[in-house]
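Given next are the chains, with one letter for each unit.
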Amino acid sequence: MTALLDLVRAHQSAGRALLFRLTGATDPEVSGDGAWVTSAGGERYLDMGSFAVFLLGHGHAGPVEAVARQLRTLAGSTRTLPNESHARAAAALAALAPEPLTKVMLLNSGAEAVEAALKLARARTGRTGLAHLAGSFHGKTTGALSLTDAAPFRAGLGPLLPGVLRLPRDDAASAARLVREQRPAAVFAEPVQGEGGVHPLTPEYAGALRRACDEAGTLLVLDEIQCGLGRCGTLWAHEPLGVRPDILLSGKALGGGVIPVSALVATEDAFRPYDHDPLLHTSTFGGNPLASAALLATLEVVASHDVPALARRAGRRLHTVLTGLVRDWPGLFTGVTGRGLMLGLHGTRPDVSAEMMRAALSGRILLTMCLTAPGVLRFTPPAFIDEDDLAFLARGLQQAAATTRRELST
């Protein structure tokens, strides 16, 4: 284990190696099955985080077998000949998207999808200004970072994109007024914010934003890279908000936890610049045969197993577990936010999350804090998590809370 961390420090990041040591995460992962990950030392850990990638769990047979079949025939694409799996994957995603979003661009990462969306918005409207919500997180590439409300990740990296407007998250009237006045090319919003502390938008706020965008000729981009595909209890997290976007972004779970896949899905009108010029935005590996196979299999699993319903049921049980912690440990936790299987446990102080992560790791539970709201622990487990897993989690979190209170009291 020491040799492995030496490699991390020498060739990846000294800070990353130090973080692994501080959290006690020194036993490397070697395999995964469902909601569980096994380490080189033979320990099994219940995975409650992993940045929302494993909606179907680790190693789900659907996407794994689909990718294996594709690997034996055509692993990569020439990009010169048409590819059937790519076309079928785009059509399948369009079929599940809200009407009238019918155009699909397959990409690799969430940030790449955001970059494609902001370019499309500028090309479609002829404007350069962009807007995002307070508490937003849309990625760390330069364009996406310009739309990310995270001072630690932006410090010393400016100037980023000019003309970017920050909208208040909790004042719909002010946000709508700013959109009407400034008329940005697009407003980017997460129906349920992830890294910013797991904050869902309200229907009232979303409705005001949609109306303002319509009046200003501004495109509404809903970033569901983390919260979509059933995780929040509906296929798309924006469904309960009563609005439809001009552009919808998906990713993370879209590859079934097997292959990185992201997607931009748009109305025909919004997509017009990319329709007219297919070379305006391209990606060498976007929609490659392996990624397309994984996407098709993932969508089949989401539909055939009714993953949104699974997320609703498991989410209610998880919410009960977390609200129990708030009730039993008022000195540590203040509340629970989110929907379905995307929930945030809010600590009374920033170091509660760090101590909980360490204590939970000792109890074989993997937790993840929100990157730009580190006082919030984010719970994004697989939809197939069962009652035994949740019972194990409930016991482990209670033990971790006791350890955390003891450590913070010394």
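Whatever comes next refers back to the structure up there.
Counting from 1, residues in each chain are numbered in the order their sequence is written. Confidence filtering applies because this is a predicted model: local features only for residues at pLDDT of at least 70, side-chain atom pairs given and counted only at 80 or more, and all residues used for totals across whole chains, interfaces and linings. Based on all heavy atoms of the structure, the side-chain values leave hydrogens and waters out of the count.

A. Broad picture of unusual backbone geometry. The omega torsion across Glu99 and Pro100 is 5°, close enough to zero to call that bond cis. Numbering of helices and strands starts at the N terminus; helices are DSSP runs of H or I of at least 4 residues and strands are runs of E of at least 2. Along the polypeptide, Pro100 turns up in the loop between α4 (84-96) and β4 (101-107). Looking along the chain, the bond that leaves Gly158 and enters Pro159 is cis, with omega of 0°. The residue Pro159 is located in the loop between α7 (151-154) and β6 (164-167) in this model. In the Ramachandran plot, Phe51 falls in the positive-phi region, its phi being about 55° despite a non-glycine side chain. Mapped onto the fold, Phe51 is located in the loop between β3 (44-47) and α3 (61-71). Phi is positive for Leu229, which is not a glycine, with a value near 70°. By secondary structure assignment, the location of Leu229 is in the loop between β10 (219-223) and β11 (247-250). Only protein chains enter the accessibility calculation, which uses a 1.4 Å probe; a residue is then buried when its area is under 20% of its type maximum, exposed when over 50%, and partly exposed in between. Residue Leu229 is classed as buried on the basis of its relative accessible area, which comes to 1%.

B. Just the pattern of salt bridges, in detail. We define a salt bridge as a side-chain nitrogen of Lys or Arg found within 4 Å of a carboxyl oxygen belonging to Asp or Glu. One pass over the full model with this rule turns up 15 salt bridges. A salt bridge links Arg210 to Asp214; the nearest nitrogen and oxygen atoms lie 2.9 Å apart. Here the residue Arg210 and the residue Asp214 both occupy positions in helix α9 (residues 203-216), the gap between them amounting to 4 residues, near one helical turn. Looking at Arg210, the relative accessible area reads 12%, which means it is buried. A salt bridge links Glu355 to Arg358, with the shortest nitrogen-to-oxygen separation between them at 2.8 Å. Placement of both Glu355 and Arg358 in helix α13 (residues 350-362) is noted, with a separation of 3 residues, approximately one turn of the helix. Each of Asp6, Arg9 and Arg21 takes part in one network of salt bridges that share partners.

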